[in-house]
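Working through the structure, step by step
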Amino acid sequence: MTDSQGRSRRDPATEPGSAAEPATADLAALLARVARGDQVAYEKVYDQLAGPVLGMVRRVVRDLAQSEEVMQEVLLELWRTASRFDRDKGSAGSWVMTIAHRRAIDRVRSEQKSAERELRAASAQIDYDEVTEAVEATLDRERVRRCMGSLTELQRESVTLAYYGSYTYDEVAGLLGVATGTVKTRMRDGLIRLRDCLGVE
Amino acid sequence: MRRGRPELHTLAGAYALDAVSDEDRARFERHLARCDSCAQEIRGLREATARIGASAALRPRAELKEQALRAAARTRQLPPVRRDAPAAGRGRRGLRAVSGRGSRLWSPRLATALAAGFLVVAAGMGAAMIGAQHRLDADQLRGHAIAAVLNAADVTMLTATVTTGGTATVLESRRERSLVFTAAGLRSLPAGASYQLWLMGPEGTRSAGMLPPSRAGMIGPMVVSGLAAGDDVGLTVEPAGGAARPTSAMIMKLGLSP
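The structure contained in this document is the topic of the report that follows.

Here is what the cut-offs are and how they apply
- Residues numbered from 1 in each chain as written.
- Chains lettered and ligands numbered in written order.
- Predicted model: local features only at pLDDT ≥ 70, side-chain atom pairs only at ≥ 80, totals over all residues.
- Heavy atoms only, no water.
- Pairing = 2+ DSSP bridges.
- Helix = DSSP H or I, 4+ residues; strand = E, 2+ residues; numbered from the N terminus.
- Axes fitted to C-alpha atoms, helices over the stretch in contact; angles between N-to-C directions.
- Core = buried A, V, L, I, M, F, W, Y, C linked by side-chain atoms within 4.5 Å.
- Buried < 20%, exposed > 50% of the residue type's maximum accessible area, 1.4 Å probe, protein only.
- Contact = heavy atoms within 4.5 Å.

We now examine the sheet that holds strand S1 (residues 156-161) of chain B. Residues and elements named next belong to chain B. Within the open sheet, the four strands sit side by side as S1-S2-S3-S6. Their pairing is antiparallel. The sheet terminates laterally at S1 and strand S6 (218-225), the two strands that pair on one side only. Strand-to-strand twist across the sheet, computed as the mean angle between neighbouring axes with direction ignored, equals 20°. Across six bridges, the pairing between strand S3 (residues 178-184) and S6 is antiparallel. Counted as the bridge partner of valine 180 is valine 223 from S6.

Set out below in structure tokens:
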């Protein structure tokens, strides 16, 4: 389940006839090869992760050019630090998405330090319909949508404002007009419910 | 903050969402370090947030990939964090491991030195190892990969002449699906050009990486993994950042064992 991060099945370099190298090569195993300077493995990792990283960063950062920049930084960081990946601490996909999310959030927060903080109310709704440019990971997408739908409204808003809106929990509390303790609890409960619904460990 | 603050644990969700201030993050991470069940919970919540993020996947522009591969080819990687015993015990353990498990077990360091020296005779080995020392310290992992090839039961050594001058030597292991590449006496290239290694076979032609700079006339050892059945190895001269496909004629081609 570790490599289920929106893995795309469109890489022409790993089309059939390559019994030796299945397209579904385990991400953690690939990262171990990347750590040894294996550029072929790095290309495969890039193919698997660039789409998910870009999509997530784009929702946080909004501007496409900046998002591409962050994505490239994250993937280069991955090349540089592949030897530091520790599977005891979670799956490879989750490791990378965590790094990417932190970078995206840092980018937004540092920008907002110099600019007037604007309320990004639109981030309360996730738009799942960017059909034209979306990678066709429909099954995963559908499942996440369904699981998000299973949260209470407050849980969903708290999780979404935090994850895509890059707000801290006390900012979210301010935006939603509820106590910070409540927001913290909703974030945790919401994620636990998502975790169970998505069937991740 | 104070130990055992009951509400600290409720920060797990906000932490997994990166919805915390730097101070909160530091505080929670101190808490995580001594709370196994919290670390376990964070793992699960991170998997969930990663899935949310991944479900928004977009297809990146194709040219970004080439940029990324070029950037990687010229970026140095971090060595792994050592998690083993203190340095004092390491040397002795290493020795025991080598002698205790027979001559087939070549330590990574020794393996790297051997490959670097084209399997030099024992007399020359000490010098080769000293010369390579500073590099080896930073490249332990690569050393492990080299050792894996050299220790493989099916390791084979092949050499070929480079048409523009010099020789290439490859130690390959089918079983490890890896090879160790070294070269000597290659003509030095003008700025803006460098040597690029390729794997060519039924799986297509893939870059196996740019050759590292020459040191005292020798290049490598460089580990290439991901060998597929029927692959051959080739060498071309490309623009310094590397190319996605060979853009010039092969100056060396080596047929690997079938």
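Turning our attention to the nonpolar core. Counting residues in hydrophobic clusters, the biggest one holds 75 residues, and the most contacted among them are Met187 and Leu194 of chain A. Considering each element in turn, this core owes the most residues, 12 residues, to helix H2 (residues 39-61) of chain A. Apart from residues no more than four positions distant in its own chain, leucine 194 of chain A is found in contact with Cys147, Met148, Leu151 and Val159 of chain A together with Ala48 and Ile52 of chain B. If you look at the next biggest cluster of nonpolar residues, it comprises 24 residues, including Val170, Leu211, Val233 and Leu254 of chain B.

To continue, consider the sheet that holds strand S5 (residues 204-210) of chain B. All names here are of chain B. Reading across from one edge, S5-S4-S7-S8 is the order of the four strands in this open sheet, with antiparallel pairing throughout. Two strands lie at the open edges of the sheet, namely S5 and strand S8 (252-255), each paired on one side alone. Here the strands of the sheet are splayed against their neighbours by 30° on average, with no regard to which way each runs. With four bridges joining them, strand S7 (residues 232-239) and S8 adopt antiparallel strand pairing. Its bridge partner being in S8, aspartate 232 is matched across the sheet by glycine 255.

These results come straight from atomic positions and should not be treated as a statement about function.
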